[in-house]
Amino acid sequence: MSVLRERVTMVWFGLVVLTCVTTWGLSKDMFSPVVAVVGIFLIAAVKVRYVMLDFMELRSAPIPVRVAFEAWPVVVTAMILIFWFCTGASA
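Parameters at a glance
- Residues numbered from 1 in each chain as written.
- Predicted model: local features only at pLDDT ≥ 70, side-chain atom pairs only at ≥ 80, totals over all residues.
- Heavy atoms only, no water.
- Helix = DSSP H or I, 4+ residues; strand = E, 2+ residues; numbered from the N terminus.
- Rg over C-alpha atoms; globule rule 2.2 N^0.38 Å.
- Buried < 20%, exposed > 50% of the residue type's maximum accessible area, 1.4 Å probe, protein only.
- Axes fitted to C-alpha atoms, helices over the stretch in contact; angles between N-to-C directions.
- Parallel < 35°, antiparallel > 145°, perpendicular 65-115°, else oblique.
- Left-handed = near helix turned anticlockwise from the far one by under 90°.
- Contact = heavy atoms within 4.5 Å.
- Nonpolar A, V, L, I, M, F, W, Y, C, P; charged D, E, K, R; others polar.

Helix and strand counts for the protein chain come out as three helices and zero strands. In sequence order, the protein chain lays out its α and β elements as α-α-α. Relative to the compact-globule value of 12 Å for 91 residues, the protein chain shows a C-alpha radius of gyration of 16 Å, a clear excess of over 25%. With the C-alpha coordinates of the protein chain rotated into their principal frame, the extents come out at 50 × 30 × 10 Å. Within the protein chain, the fraction of its 91 residues that count as buried is 20%.

So, about the packing of helix 1 (residues 7-25) against helix 2 (residues 33-55). Two elements in contact, helix 1 and helix 2, have axes separated by 10 Å at closest approach and are oriented at 165°. Relative to helix 2, helix 1 is oriented roughly antiparallel. Like other packed secondary-structure pairs, helix 1 and helix 2 cross with a definite hand, here left-handed. Contacts from Arg7, Val8, Val11, Trp12, Leu15, Leu18, Thr19, Val21 and Thr22 of helix 1 reach helix 2 at Ile40, Ile43, Val46, Lys47, Tyr50, Val51, Asp54 and Phe55. Taken together, the residues that form the contact of helix 1 with helix 2 break down as 12 nonpolar, two polar and three charged.

To continue, consider the packing of helix 2 against helix 3 (residues 63-86). Two numbers describe how helix 2 lies on helix 3: the axes approach to 10 Å, and their chain directions differ by 165°. For the element pair helix 2 / helix 3, the angle class is roughly antiparallel. With respect to the hand of their crossing, helix 2 and helix 3 are arranged in right-handed fashion. Facing helix 2, whose interface residues are Pro33, Val34, Val37, Val38, Phe41, Leu42, Ala45, Val48, Arg49, Met52 and Leu53, helix 3 presents Arg66, Phe69, Glu70, Trp72, Pro73, Thr77, Ile80, Leu81, Trp84 and Phe85. Looking at side-chain class alone, the contact of helix 2 with helix 3 contains 17 nonpolar, one polar and three charged residues.

Moving on, we get to the side chain of Asp54. Along the polypeptide, Asp54 turns up in helix 2. Setting aside chain neighbours within four positions, we find Asp54 in contact with Arg7, Val8, Val11 and Arg59.

This is the structure we're talking about:
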């Protein structure tokens, strides 16, 4: 199998692209701070999910374990953003 066709290589490339988006796209003054913060956290959650599934090999884990690990980035991201919005940090 070609190296470029392996799933892990494609996931790695996607993670690099998403890192570039958050580093050079969302961190500049092109977007409002609220949009940038929400975007950065959502992209981070997606990156965490792919790292867990493909590099920690949880894609083939038993269903209860996979559900718990896939719920973790969603819950943590939601909690952080809810607290951030509730404290008025977005103002």
